[in-house]
Each structure stands twice: as C-alpha cells, then as structure tokens.
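Coordinate inspection notes
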Amino acid sequence: SDRADKTDHVVVLPASIEDPNRPVPGLYKLGMLLGCASIFSLFAGLVAVYIFRAQSQDHWEPIALPPVLWWSTGLILASSVPFEIGRRYFRRGERRIAFRLLTLTTAMGCAFIACQVTAWRALVSQGAYLIENPHSSLFYIFTGLHALHLVGGIAGLFYVLLKPVRRRETVDITAYYWHFLGALWVMLYATLLMVS
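Anyway, here's the lowdown on the structure attached to this text.

The rules behind each value
Residue numbers run consecutively from 1 along every chain, following the written order of its sequence. In keeping with the model being predicted, local features are shown solely for residues with a pLDDT of at least 70 and side-chain atom pairs are shown and tallied solely at 80 or more, while totals for entire chains, interfaces and linings include all residues. No hydrogens and no water enter the side-chain calculation; it runs on all heavy atoms of the structure. The term salt bridge refers to a side-chain nitrogen of Lys or Arg lying within 4 Å of a carboxyl oxygen of Asp or Glu. Numbering of helices and strands runs from the N terminus, with a helix taken as a DSSP run of H or I at least four residues long and a strand as a DSSP run of E at least two residues long. Summary of the burial criterion: residues with accessible area below 20% of their type's maximum are buried, those above 50% are exposed, and those between are partly exposed, where the area comes from a 1.4 Å probe applied to protein chains only. Contacts: residue pairs with any heavy atoms within 4.5 Å of one another.

Moving on: the pattern of salt bridges. Going through the model one piece at a time under the given rule, you end up with 5 salt bridges. Across the salt bridge formed by arginine 87 and aspartate 172, the nearest N and O atoms sit 2.8 Å from each other. Highlighted residues: arginine 87 in helix α3 (residues 68-91) and aspartate 172 in helix α6 (residues 168-195), separated in sequence by 85 residues. The class for aspartate 172 is buried, based on a relative accessible area of 3%. The residue arginine 92 makes a salt bridge to glutamate 94 at a minimum N-O spacing of 3.7 Å. One network of salt bridges, in which partners are shared, links Glu84, Arg87, Arg88, Arg91 and Asp172.

Inspection of the secondary structure puts asparagine 133 in the loop between α4 (95-126) and α5 (134-162). Every residue in contact with asparagine 133, bar those within four places of it in the chain, is listed here: His59, Glu61 and Ile63.

What follows is the structure in structure tokens.
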C-alpha cells in the first residue's frame, strides 16, 4: 500500500492485552453514553406516566410550582458554561484556571441542590406532601431523582478536583454527564410547567 509512504509516524495505542491495568481507549465514554441512555429512559417513562396521569383528574390536585425553580433552571444551565470553558483549559494544560472554573461549576451545582430543597420546603408549606396526591408525588419523584443524579455529577467533579487527574477523558465524561443533566432538567421543568 502507498499509505506507508505518506505516514511519518505510526501511532500504536496500548491495548488492554498488553497492559491489563489500562482501559481500552473510549471505554469510559461508551459507559457514560450507556448510562445517560438508561437515565433518559427512566425519566422518559416517568414523564409519560406524569402526562398520562394528569389526563385523569381523579385525586389530581393542582400544585403551584415554586418560583425558585426558575433560579435552579438558570443555575443548571449557567453551570455548563464554566464547566465547558474549564474543560478546554484543562485540555490545553492550564490546570490552575481549569481548577477554578470547575470549582465554580461545583458551587453552582450545590446552589442548584439548595434551590431544589427550597422548592420542596415551599411545597410543604402549601400542604403538598409526597403522598398527598399524584401530582405532588410525581413532582417530588422528578426533582428528587434528578437531584440525586446531580449529586453524582458533583461527586464526579470532586473526583476531578481532588485527585490529580492526568487523563483528559475523565474530565470529558464528567462534562458530558453534567451537560446531559442540564438538558434533562430543562425537559423535566418544561413538562412540569406544561402540566401544571
């Protein structure tokens, strides 16, 4: 073949057969993709149940969505900006700037959780409890499961911040997961607004 003459260097990736301690390149990204697909399936099923159940008004009492949810939506969307910028700085080897931006993202994620807790307290003050009616029950399930997955994203950020990460792929998959959770929240909040 004439390709050998056109190539100055041959890049050989270490295979897991040669070094069993090193994962196959792209394995973590595939795992994250499959994980996000399963999380999306879970929430898509819950959204379908929510919309279907809202059509039947038996024991369905409307709840007023707390205004703090607008703040949490803004926070989760805005947090993707410093994360993405930090990821690019990390890629260029400027770890100090990346560390600051990822710390800001972590703080915004914690603020999102605080907004969700404030929204739950506002619902409790309305008299809307987890087992009060299907509407409030599904609201708590939506927001609680999403917050739980976001805590997983914050744990991933802490891993990146506290452990000297040398692999760019670790930061990349954490960023993909974070952006996915932001898009997922927008879908959930739009559904809550539409039904409420």
